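Breakdown of the fold
Given next are the chains, with one letter for each unit.
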Amino acid sequence: MQQRFAQQMKKGALDMLVLKLLEHEEKYGYQLIGELCERSDGTVSLKEGTLYPILYRMEDNGLVASRLAAKTAKEPARKYYAITEQGRDALDEMYAVWNEFDGCVRSIMEEER
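Residues numbered from 1 in each chain as written. Predicted model: local features only at pLDDT ≥ 70, side-chain atom pairs only at ≥ 80, totals over all residues. Heavy atoms only, no water.

1. Describing the sheet that holds strand E2 (residues 64-69)
Where we set the bar: Strands are labelled as partners when DSSP assigns at least two bridges between them. For helices the rule is a DSSP run of H or I covering at least 4 residues; for strands it is a run of E covering at least 2, with both sets numbered from the N terminus onward.
With respect to topology, three strands assemble into an open sheet ordered E1-E3-E2, the strand pairing being antiparallel. Each having just a single partner strand, strand E1 (27-28) and E2 make up the two edges of the open sheet. As defined by bridge partners, E1 adjoins strand E3 (residues 78-83) across two bridges and the pair is classed as antiparallel. Bridging from a neighbouring strand, Tyr28 pairs with Tyr80 of E3.

2. Details of the environment of Arg67
Applied cut-off: In the analysis that follows, any N or O atom pair within 3.5 Å is treated as a polar contact, provided that within protein one partner can donate a hydrogen and the other can accept it, and provided that, for residues neighboring in sequence, both atoms belong to side chains.
Mapped onto the elements of the fold, Arg67 is located in strand E2. Between the C-alpha atom of Arg67 and that of Ala82, which follows or precedes it by 15 residues, the distance is 8.5 Å. Within the structure, Arg67 has its side chain in polar contact with the side chain of Glu26 (distance 2.4 Å).

3. Some words on the packing of aromatic side chains
Which entries qualify depends on this criterion: Only the six-membered ring of Trp is used, alongside the rings of Phe and Tyr, when aromatic pairs are assigned; centres must lie within 6.5 Å, and planes under 30 degrees apart are stacked while those over 60 apart are edge-to-face, with the rest tilted. Partly exposed residues are those whose accessible area sits between 20% and 50% of the maximum for their type, while under 20% is buried and over 50% is exposed, using a 1.4 Å probe and protein chains only.
Scanning the model with the defined rule gives two aromatic pairs in all. When the centroid spacing of 5.5 Å and the interplanar angle of 85 degrees are considered together, the rings of Tyr28 and Tyr80 count as edge-to-face. With Tyr28 in strand E1 and Tyr80 in strand E3, this residue pair connects regions lying 52 residues apart in the sequence. Classification of Tyr28 by relative accessible area gives buried; the value is 19%. Residue Tyr80 is classed as buried on the basis of its relative accessible area of 12%. Consider the rings of Tyr52 and Tyr56, whose centres lie 6.1 Å apart with planes at 35 degrees: the pair is tilted.

4. Concerning the packing of helix H2 (residues 14-21) against helix H4 (residues 48-60)
Defined as follows: For every element, the axis is a line fit to its C-alpha atoms; helices are fit only across the contacting stretch, and the angle between N-to-C directions ranges from 0 to 180 degrees. Note on terminology: angles under 35 degrees are roughly parallel, angles over 145 are roughly antiparallel, angles of 65 to 115 are roughly perpendicular, and the others are oblique. Residue contacts are counted whenever heavy atoms from the two residues lie within 4.5 Å of one another.
Contact geometry for H2 and H4: axes closest at 11 Å, N-to-C directions at 75 degrees. What the angle tells us is that H2 and H4 run roughly perpendicular. Along its contact with H2, which presents Leu14, Asp15, Val18 and Leu19, the element H4 presents Thr50, Leu51, Ile54, Leu55, Arg57 and Met58.

5. Considerations on the nonpolar core
What counts here: Each nonpolar core is a collection of buried residues, namely Ala, Val, Leu, Ile, Met, Phe, Trp, Tyr and Cys, held together in the definition by side-chain atoms within 4.5 Å.
Counting 23 residues, the largest nonpolar core has Val18, Leu55 and Met58 as its most contacted members. Within the residue set of this core, elements represented by two or more residues are H2, helix H3 (29-39), H4, E3 and helix H5 (85-109). When neighbours within four sequence positions are excluded, Met58 is seen to be in contact with Asp15, Val18, Leu19, Leu63 and Val64.

6. Some thoughts on unusual backbone geometry
Of note in the backbone geometry, Asp41 takes a positive phi value of approximately 55 degrees without being a glycine. Note on placement: Asp41 falls in the loop between H3 and H4.

This is the structure in structure tokens:
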């Protein structure tokens, strides 16, 4: 049951985390999956079927832009994603909401019973 609760809570933060990872450089999907897993010590472990719909939705909403890099002798063709200015603004807003919500949850959970 704990896994189900963790999964529900992670879903609410995925957009913010993906945008954060794109904040300084463009990345391709598998790179994002690996970085999320590594930087969260395995807590956030995504499958492609979870990440790509998020990226497509964020692209439709103007939060990220993509480009297709041609295949080279060393690398396959890859689709790279980069945060847009609108995405940067959204990231700031998401983080502000997250911090407010986190403070509220902590306040309630730390009350004596």
